[in-house]
Amino acid sequence: MTYSIIARCPKTGRHGLGITTFSIAAGGRCEGILAGVGICKTQAYVNRGNDPLAIDLLAQGFTPAHVMDRLAANDPDHDYRQIAIMDRDGNGVGHTGSGTRPWSGHRVGPGYVAFGNVLAGPQVVEAIVAGFLADPEAPLEFRLLSALEGGRNAGGQVGAEGHLPERSAAIRVVADPDYPDIDVRVDLHDDAVIELRRVLEEFKRYEVFYRERGRKPREAITQDEFVARLERGA
């Protein structure tokens, strides 16, 4: 009961992951993304060991297809996993095991893999892709957010009694540093995708302040001063 997208921005080389689900605290289960290496995201019946193993293999120069084969060979329950893998150049592969709950599926395109399980139908994955492709000039984090919004608007997740709300959501984007330059999440909310947009837009207002105060501490103003400038529209 999760839908996600992994992607690479061809202009900046940044890699990113967007996820939302009925389960709580999904953002804490996104370990498989590393700048200059690539992404692996496992969902459905999760094997959290897949993602760090895949990153290690990608770092050694193996292709996403080879990495997927290694994950399958290493996991007797591979048919219960849904996995997307992308290398540093944006080459991607997807796997939707026969043991995942319907509707489940994925779509691989240039620089992205969209995938989900326990969805209203294939239109959800198509809407994720459409949302991602809608504005190619937008920053990667907002393209990922638009993808999640597209999936939600197309019906999102369903259970035995109908639609399941998106209760957690996250976006993670990495560039040159070993730490993410965008890492925003909503762990529990009645409409996590709406709340994720609010959090991301607020974070973007502070982004330069947070980055530059570490790089140039002697020139840094206090956060109180920065907030006051924001309020004055400076």
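Our subject is the structure listed above.
This section reports on the structure supplied with the text. Computed from a predicted model, the values in this text were never measured in an experiment. (Residues numbered from 1 in each chain as written. Predicted model: local features only at pLDDT ≥ 70, side-chain atom pairs only at ≥ 80, totals over all residues. Heavy atoms only, no water.)

A look at unusual backbone geometry
Here the amide bond leading from P102 into W103 is cis, since omega sits at -15°, within 30 degrees of zero. On the secondary structure map, W103 appears in the loop between β6 (92-96) and β7 (105-109). If you check the backbone angles, A44 has positive phi at about 70° while not being a glycine. With respect to the secondary-structure elements, A44 resides in strand β4 (residues 38-44). (Helix = DSSP H or I, 4+ residues; strand = E, 2+ residues; numbered from the N terminus.)

Looking at the pairing of strand β12 (residues 182-186)
Every other side chain in a regular strand lies on the same face of the sheet, so the side chains alternate between the two faces. Side chains I182, V184 and V186 of β12 all project onto a buried face; the interleaved residues D183 and R185 project onto a face where none is buried. Note: strand β11 (residues 168-174) against β12, five bridges, orientation antiparallel. Across the sheet, residue R172 finds its bridge partner in β12, namely D183. (Buried < 20%, exposed > 50% of the residue type's maximum accessible area, 1.4 Å probe, protein only. Pairing = 2+ DSSP bridges.)

Considering the pattern of salt bridges
On inspection of all chains with the given rule, the structure shows 18 salt bridges. Residue R48 pairs with E31 through a salt bridge whose shortest N-O separation is 2.2 Å. With R48 in the loop between β4 and α1 (50-59) and E31 in the loop between β2 (15-21) and β3 (33-34), this pair connects stretches of sequence that are 17 residues apart. The class for E31 is partly exposed, based on a relative accessible area of 38%. Residue R215 pairs with E212 through a salt bridge whose shortest N-O separation is 3.5 Å. Here R215 pairs with E212, and both are found in helix α5 (residues 192-215), just three residues apart, close to one helical turn. For R215, a relative accessible area of 56% translates into the label exposed. Taken together, the shared-partner salt bridges in this structure form one network comprising R14, E141, D181, K204, E207, R211, E212, R215 and K216. (Salt bridge = Lys/Arg side-chain N within 4 Å of Asp/Glu carboxyl O.)

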